[in-house]
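# Results of the structural survey
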Amino acid sequence: MDLSRFPRRRYTPFATPLEPLPRFSAALAASCPGGRAPEVWVKRDDMLGLFPGGNKTRKLEFLVADALAQGADTLVTCGAPQSNHCRITLAAAVKEGLRCRFVIEERVPDSYDLHASGNNFMFRLLGVEAVTVVPAGTNMADAMAKVVAELAAAGRKGYVIPGGGSNALGGLGYVACALELQQQCFEMGLRFDRVVVGSGSSGTHGGLLAGFLGDRIDIPIVGIGVSRDPADQEPLVWKEAQAVVDLIGAGFTVPREAVRSVGGYWQPKYSVPNARMVEAVQLAARTEGLLLDPVYTGKIMAGLIGLARAGEFKGGERVLFLHTGGLPSLHAYEGAVLGEVPVAP
Ligand SMILES: *Cc1c(COP(=O)(O)O)cnc(C)c1O
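It should be emphasised that the depicted structure is a prediction, and the values quoted were computed from it without experimental measurement.

### A short note on the packing of helix H9 (residues 275–288) against helix H10 (residues 297–309)
- Contact pair H9 / H10: the axes reach a minimum separation of 8 Å and the direction vectors enclose 95 degrees. Looking at the two axes, H9 sits roughly perpendicular to H10. Packed against H9, whose contacting residues are Arg276, Met277, Glu279, Ala280, Val281 and Leu283, the element H10 presents Gly298, Lys299, Met301, Ala302, Ile305 and Arg309 at the interface.
- Each residue belonging to the contact of H9 with H10 can be placed in one class, and the counts come to seven nonpolar, one polar and four charged.

### Focus: the pattern of salt bridges
- With the rule as written, the count across this model stands at 19 salt bridges.
- Linking arginine 194 and glutamate 312 is a salt bridge whose minimum nitrogen-to-oxygen distance equals 2.6 Å. Linking arginine 194 in strand S7 (residues 194–199) with glutamate 312 in the loop between H10 and strand S10 (318–323), this pair joins segments that are 118 residues apart in sequence.
- The salt bridge partner of glutamate 317 is lysine 314, with a shortest N-O separation of 3.9 Å.
- Judged by relative accessible area, glutamate 317 falls into the buried class, the value being 5%.
- Each of Asp73, Arg99, Arg101, Glu129 and Arg156 takes part in salt bridges that share partners, so that together they form one network.

### Concerning the domain arrangement of the chain
- Domain boundaries assigned for the chain yield domain 1 (18–54 + 167–337) and domain 2 (56–165).
- Taking only C-alpha atoms, the centre of domain 1 and the centre of domain 2 are 25 Å apart.
- Facing the 29 residues of domain 1 at the interface are 25 residues of domain 2.
- Where domain 1 abuts domain 2, roughly 2100 Å² becomes buried across the two surfaces, and 62% of that area is made up of carbon and sulfur atoms.
- The interface formed by domain 1 and domain 2 contains two salt bridges.
- The salt bridge partner of glutamate 180 is arginine 58, with a shortest N-O separation of 3.1 Å.
- Where domain 1 touches domain 2, the interface holds nine residue pairs in polar contact (both at pLDDT 80 or more).
- Secondary-structure elements contributing two or more residues to the side of domain 1 that touches domain 2 are helix H6 (168–188) and helix H7 (203–214).
- The leading source of residues in the side of domain 1 that touches domain 2 is H6, at nine residues.
- Among the residues making up the side of domain 1 that touches domain 2, the classes are represented as 13 nonpolar, 13 polar and three charged.

### Comments concerning the sheet that holds strand S4 (residues 99–106)
- Taken together, four strands build an open sheet; the order of strands is S5-S4-S3-S6 and the sheet is parallel. The two strands at the open ends of the sheet, each matched to only one other strand, are strand S5 (130–135) and strand S6 (158–161). Ignoring which end each strand starts from, the neighbouring axes of this sheet average 20 degrees apart.
- In terms of strand pairing, strand S3 (residues 74–79) meets S4 through six bridges, oriented parallel.

### Comments concerning the pairing of S10
- Taken across its six residues, S10 has five buried, putting it largely inside the fold.
- Pairing between strand S2 (residues 39–44) and S10: six bridges, direction parallel. Paired with tryptophan 41 across the bridge in S10 is leucine 320.
- As defined by bridge partners, S7 adjoins S10 across three bridges and the pair is classed as parallel. Along S10, the bridge assignment pairs arginine 194 with valine 319.

Cut-off values and rules
- Residues numbered from 1 in each chain as written.
- Predicted model: local features only at pLDDT ≥ 70, side-chain atom pairs only at ≥ 80, totals over all residues.
- Heavy atoms only, no water.
- Axes fitted to C-alpha atoms, helices over the stretch in contact; angles between N-to-C directions.
- Helix = DSSP H or I, 4+ residues; strand = E, 2+ residues; numbered from the N terminus.
- Parallel < 35°, antiparallel > 145°, perpendicular 65-115°, else oblique.
- Contact = heavy atoms within 4.5 Å.
- Nonpolar A, V, L, I, M, F, W, Y, C, P; charged D, E, K, R; others polar.
- Salt bridge = Lys/Arg side-chain N within 4 Å of Asp/Glu carboxyl O.
- Buried < 20%, exposed > 50% of the residue type's maximum accessible area, 1.4 Å probe, protein only.
- Domains from an automatic or database assignment.
- Buried area = accessible area lost by both parts, 1.4 Å probe.
- Polar contact = N/O pair within 3.5 Å; in protein donor to acceptor, adjacent residues only side chain to side chain.
- Pairing = 2+ DSSP bridges.

See the structure below:
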């Protein structure tokens, strides 16, 4: 797939590393029936550029380039209180000399604390221009349009980036990741049997799938839902993948059966810790020195572990875990990930 006609800013001057996780894989094997344990590798998208980078960095390369092409002076986006997407969008704005405003969805009334740690602390450190806090269930597109109207009234130009950066343009970031991965596998003589990714606002899962299908990369992708079970998540991912294919003009229909997600690992709620997440975060930290975050990658790795224990992978199957970042929020959940604060089962 040819992305060269799309304007792009470059925020990561290298391909993110592909690394084997031998000690993690051995520890996992000890808990898998019949030795049917996968050989787990990681793609380090937690090392992407912007501070500290994660999957949103790839989407923003295309979204911010579009904002600049349109002459915007302010990025307007939205998210949850500990949003990685908001933090990385703000970092991109700072780097480009733009200003940045957020609409934050407060899931629990009166819970938003401007002085909270983790990502929230960084919102202030990086200098967000304004934060509008709205109650759960608010139409975020409308709320962001209001911010853009306020800017226009002051003679400024806002550019709206949807939640998670997941529209067709943002999804190009994960088509680029698919191409990067293909080249790395070619150079390293590596072959993967499966790729495990997080599936939330769906730009990552949908963009990667569009890239795999478009470039005939024949590796099944399993998305681990971070906020929805498959009946709700898979249609979103399909829609995103198809929108990306259409934007590129690749001219094919994404087969519905190519979209697979797994539920059951994000409960009791998005961003609320559970015991399997704690196990996954501790296992990766203590076998490989690899940090995962409590909201996304801890639950996504819990999904990989759960699938391995359920016999999903053939013995020796090589599985790639996409580390999408999110590490600053670890500091907002220190007691939970250390097992010192009780969490949901
Ligand atoms: C946003 C995010 C995800 C989910 O990616 P989507 O493209 O929204 O599906 C996964 N991991 C981390 C750390 C994230 O910040």
